[in-house]
Amino acid sequence: MRGTALGLGLAALTATASAAPLDAYRDRVRVLVLSAPDAADAQLKAQRAALGPVRDGVAERDLVVLEAVGSGAEAQALRAALGLPADSFRAVLVGKDGGAKLTAAAPIPPQRLFATIDAMPMRRSETRDRR
């Protein structure tokens, strides 16, 4: 599993395999989990490519991207926590409350991802508070 904060630059976050691998992020950031059988997965590559140009929007929405790629223990723990298959691509948006808000078997266009986040009550509150 690899954690990436997509902001002005790429910064690695450490995440440990545990019974609840997303607990470290709860109440702090939203998480987009990308699960794929291997790093060569075409849908994983497409999702990464779609997110690259919108780093500012990702950072503005307190979104961290975690990847569960391959068959390592951390990837397995993350997939188990979200009930994801190991043999196909999945993208799951997890809210700050720890709940899955959007799950897709294909790459999620950034516009759809951002619209989903922007419609969340917590995000609307954050937007109001920043004004």
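How each quantity is defined
- Residues numbered from 1 in each chain as written.
- Predicted model: local features only at pLDDT ≥ 70, side-chain atom pairs only at ≥ 80, totals over all residues.
- Heavy atoms only, no water.
- Helix = DSSP H or I, 4+ residues; strand = E, 2+ residues; numbered from the N terminus.
- Buried < 20%, exposed > 50% of the residue type's maximum accessible area, 1.4 Å probe, protein only.
- Contact = heavy atoms within 4.5 Å.
- Areas by Shrake-Rupley, 256 points an atom, 1.4 Å probe, with all protein chains shown as cover.
- Salt bridge = Lys/Arg side-chain N within 4 Å of Asp/Glu carboxyl O.

Participant: Would you mind going over the overall build of the protein with me for this structure?
Facilitator: Helices and strands together make up the secondary structure of the protein, namely five helices and six strands. Helices (α) and strands (β) of the protein occur, in sequence order from the N terminus, as β-β-β-α-α-β-α-β-β-α-α. Taking all 131 residues of the protein together, the buried fraction comes to 40%. Of the contacts formed within the protein by residues at least 6 apart in sequence, a portion of 69% connects residues at least 24 apart. Total accessible area computed for the protein in this model is approximately 6500 Å², and 54% of it derives from carbon and sulfur atoms.

Participant: Looking at this structure, how should I read the environment of valine 65?
Facilitator: Tracing the backbone through its elements, the reader meets valine 65 in strand S4 (residues 63–69). Distance from valine 65 to alanine 91, taken between C-alpha atoms, is 9.9 Å for residues 26 residues apart in sequence.

Participant: Got a minute to help me understand the pattern of salt bridges in this structure?
Facilitator: Oppositely charged side chains are able to pair whenever their charged atoms sit close together. Counting across every chain of the model gives eight salt bridges. Between arginine 61 and aspartate 118 there is a salt bridge, with the nearest N and O atoms lying 2.9 Å from each other. Placement of the pair is arginine 61 in the loop between helix H2 (55–60) and S4 and aspartate 118 in helix H4 (residues 110–118), with a sequence separation of 57 residues. For arginine 61, a relative accessible area of 10% corresponds to the buried category.

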